[in-house]
Amino acid sequence: MKLSVRLNTICDRIPAGSRLADIGSDHALLPTYAVLEGKADFAVAGEVNRGPFDAASKQVAETGLGQKVSVRLGDGLAAIEAGEVDVITIAGMGGALIVRILTEGREKLEGVRRLILQPNVGEDIVRRWLLAEGWVLTGETVLEEDGKIYEVLTADRSERADKANAELYADTPVGEPPVTLSRDQLLDFGPFLVREASPVFRLKWESEIAKLERVAGSMGRSDSGDAVEKKAALERRIEWIKEVLACLPKDKPSSN
Ligand code: SAM
């Protein structure tokens, strides 16, 4: 069984011997692999849709892991009982949906010590939620696979969460000459990723600039107040990204 680089990166973040829930598991590849690798002693593959649920059930039956991987139909964390798992993975959906799942299932998070989250978009939304809920972001990876760029965020419980988060999101001087990044910039770009400034990270944000410039360009020359304000907001965002990229150290080796 072979996982994509993206799913493999997530699997690497699962501590050995965990009790895992993979929410939005689709074919249950991640929990199956995690059990086969000894990362998980037991895993739940949660799915809200019947098609992926059937595919997950088939995958688990074919690998003979029915005693160790429980496939369940349910919306978000409704698929698990409180205290049943200690690690949760949620991958391959938007950051807003990940945050909705975690918020609606908040009482199921008691006893969970690690979240491994891979939003396809809206990573900043996830970071802001983690910070507001007292989780500590302990690792970030950015990777490219098949022409797409993904971020994997790892967050842990900590008794020293306030102190750890204050340090993580403190104004940070980066580059030479140093430029101070604000908390908002660190939440947008990722406190670990921006400090590391890997080539894939640069590529991600250069692509984002190109996308925003296309959108701004397509807004044309409309004089309506709404269009002018939207275009100005896009241009401010483009400048904000360029400012950060300009101050980052160049020629760093990729961590992927
Ligand atoms: N996690 C896998 C991965 O990263 O390769 C599958 C990602 S797939 C794009 C997203 C999956 O999440 C779909 O199978 C979808 O049915 C499921 N999903 C979406 N909303 C969900 C929810 N509220 N609860 C559980 N599963 C959900």
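Since the model is a prediction, treat every value here as computed from it, not as a measurement. Along every chain, residues carry numbers that run from 1 in the direction the sequence is written. Only residues with pLDDT of at least 70 get local features here, since the model is predicted, and only at 80 or more are side-chain atom pairs given and counted; chain-wide, interface and lining totals rely on the full set of residues. Working from all heavy atoms in the structure, the side-chain values ignore hydrogens and water.

Looking at the domain arrangement of the protein chain
How we decide: Where each domain begins and ends follows an automated or database-derived domain assignment. The criterion used for residue contact is that any of the two residues' heavy atoms lie within 4.5 Å. Summed over both partners, buried area is the accessible surface (1.4 Å probe) that two parts give up on being assembled. In the sections that follow, a salt bridge refers to a side-chain nitrogen of Lys or Arg positioned within 4 Å of a carboxyl oxygen of Asp or Glu. Whenever two N or O atoms come within 3.5 Å, that pair is a polar contact, provided that in protein one can donate a hydrogen and the other can accept it, and provided that, for residues adjacent in sequence, both atoms are side-chain atoms. Working definition: helices are DSSP H or I runs of at least four residues, strands are E runs of at least two. Numbering for both runs from the N terminus. Here the nonpolar group is Ala, Val, Leu, Ile, Met, Phe, Trp, Tyr, Cys and Pro; Asp, Glu, Lys and Arg are the charged ones; every other residue, Gly included, is treated as polar.
Its domain assignment divides the protein chain into domain 1 (5-167) and domain 2 (172-247). Contact residues are listed per partner, giving 16 residues for domain 1 and 16 residues for domain 2. Buried surface at the junction of domain 1 and domain 2, both sides included, amounts to about 1300 Å², of which 61% is carbon and sulfur. The largest per-residue losses of area from domain 1 upon contact with domain 2 belong to R128, E140 and V142, which jointly make up 37% of the total buried on that side. In this assembly, domain 1 and domain 2 are joined by four salt bridges. As a salt-bridge pair, R128 and D188 come within 3.2 Å of each other at their nearest N and O atoms. Counting across the interface, domain 1 meets domain 2 through eight residue pairs in polar contact (both at pLDDT 80 or more). At the level of secondary structure, the elements contributing two or more residues to the side of domain 1 that touches domain 2 comprise helix 5 (123-132), strand 6 (136-145) and strand 7 (148-156). Ranked by the residues each element gives to the side of domain 1 that touches domain 2, the list is headed by strand 6, at eight residues. Classifying every residue of the side of domain 1 that touches domain 2 gives five nonpolar, three polar and eight charged.

Here's the deal with the environment of R202
Our working definition: Throughout this description, buried means an accessible area under 20% of the type-specific maximum (1.4 Å probe, protein chains only), exposed means over 50%, and partly exposed covers the range between.
Secondary-structure assignment places R202 in helix 9 (residues 199-218). Looking at R202, the relative accessible area reads 13%, which means it is buried. Sequence separation between R202 and M1 is 201 residues, and the spatial gap between their C-alpha atoms is 32 Å. Not counting chain neighbours up to four residues away, the residues in contact with R202 comprise L245, L248, P249 and K250.

Notes on the sheet that holds strand 3 (residues 69-73)
How we decide: Two strands qualify as a pair provided that DSSP identifies no fewer than 2 bridges between them. Where helices are involved, their axes are fitted lines through C-alpha atoms of the stretch in contact, as for all axes, and angles between N-to-C directions lie from 0 to 180°.
As summarised here, the arrangement of the seven strands in space is 3-2-1-4-5-7-6, forming an open sheet in which the pairing is mixed. Each edge of the open sheet is held by one strand with a lone partner, namely strand 3 and strand 6. Each strand of the sheet is rotated relative to its neighbour by a mean of 15°, with strand direction disregarded. Where strand 5 (residues 114-119) meets strand 7, four bridges bridge the pair, whose relative direction is antiparallel. Across the sheet, R114 pairs through a bridge with D156, a residue of strand 7. The strands touched by helix 4 (residues 95-104) are strand 1 (18-23), strand 4 (87-93) and strand 5; relative to strand 4, the strand with the most contacts, the crossing angle is about 150°. Contacts from helix 9 reach strand 6 and strand 7, with the element oriented near 75° to strand 6.

Let's talk about the pairing of strand 6
Judged by how many residues are buried, strand 6 sits mostly within the fold: eight of 10 residues are covered. Pairing geometry for strand 6 and strand 7, over nine bridges, is antiparallel. In the strand pairing of strand 7, V136 is matched with D156. As consecutive antiparallel partners, strand 6 and strand 7 are separated by two residues, and within that stretch D146 has a phi angle of approximately 50°, a positive value.

Remarks on the site of the ligand
The condition is simple: Throughout, near means a residue has at least one heavy atom within 4 Å of the molecule or strand.
Close to the ligand lie 17 residues; R6, G24, E47, N49 and D75 are nearest. G24 places a main-chain nitrogen or oxygen 2.7 Å from a nitrogen atom of the ligand. Between G76 and the ligand, the recorded distance is 2.8 Å, taken from a backbone N or O atom to a nitrogen atom. At the level of elements, helix 1 (5-12), strand 4 and helix 4 are the ones that each hand at least two residues to the shell around the ligand. Here the shell around the ligand is built from residues that sort into seven nonpolar, five polar and five charged.

Examining helix 3 (residues 50-63)
For clarity, the cut-off: Given a helix with a known number of residues, its expected span is that number minus one, times 1.5 Å. Throughout, the arc means that of the directions going from the helix axis to the C-beta atoms.
Its 14 residues give helix 3 an end-to-end C-alpha distance of 20 Å, which sits within 8% of 20 Å, the value for a rise of 1.5 Å per residue. Among the residues of helix 3, those classed as buried are F53, A55, A56, Q59 and V60. Down the axis, helix 3 shows its buried residues gathered within 160° of arc, on one side only. Seen from the buried face of helix 3, the exposed residues on the opposite side, beyond 90 degrees, are R50, K58, A61 and E62. Considering only its buried residues, helix 3 is in contact with helix 2 (29-36), strand 2 (40-47) and strand 3.

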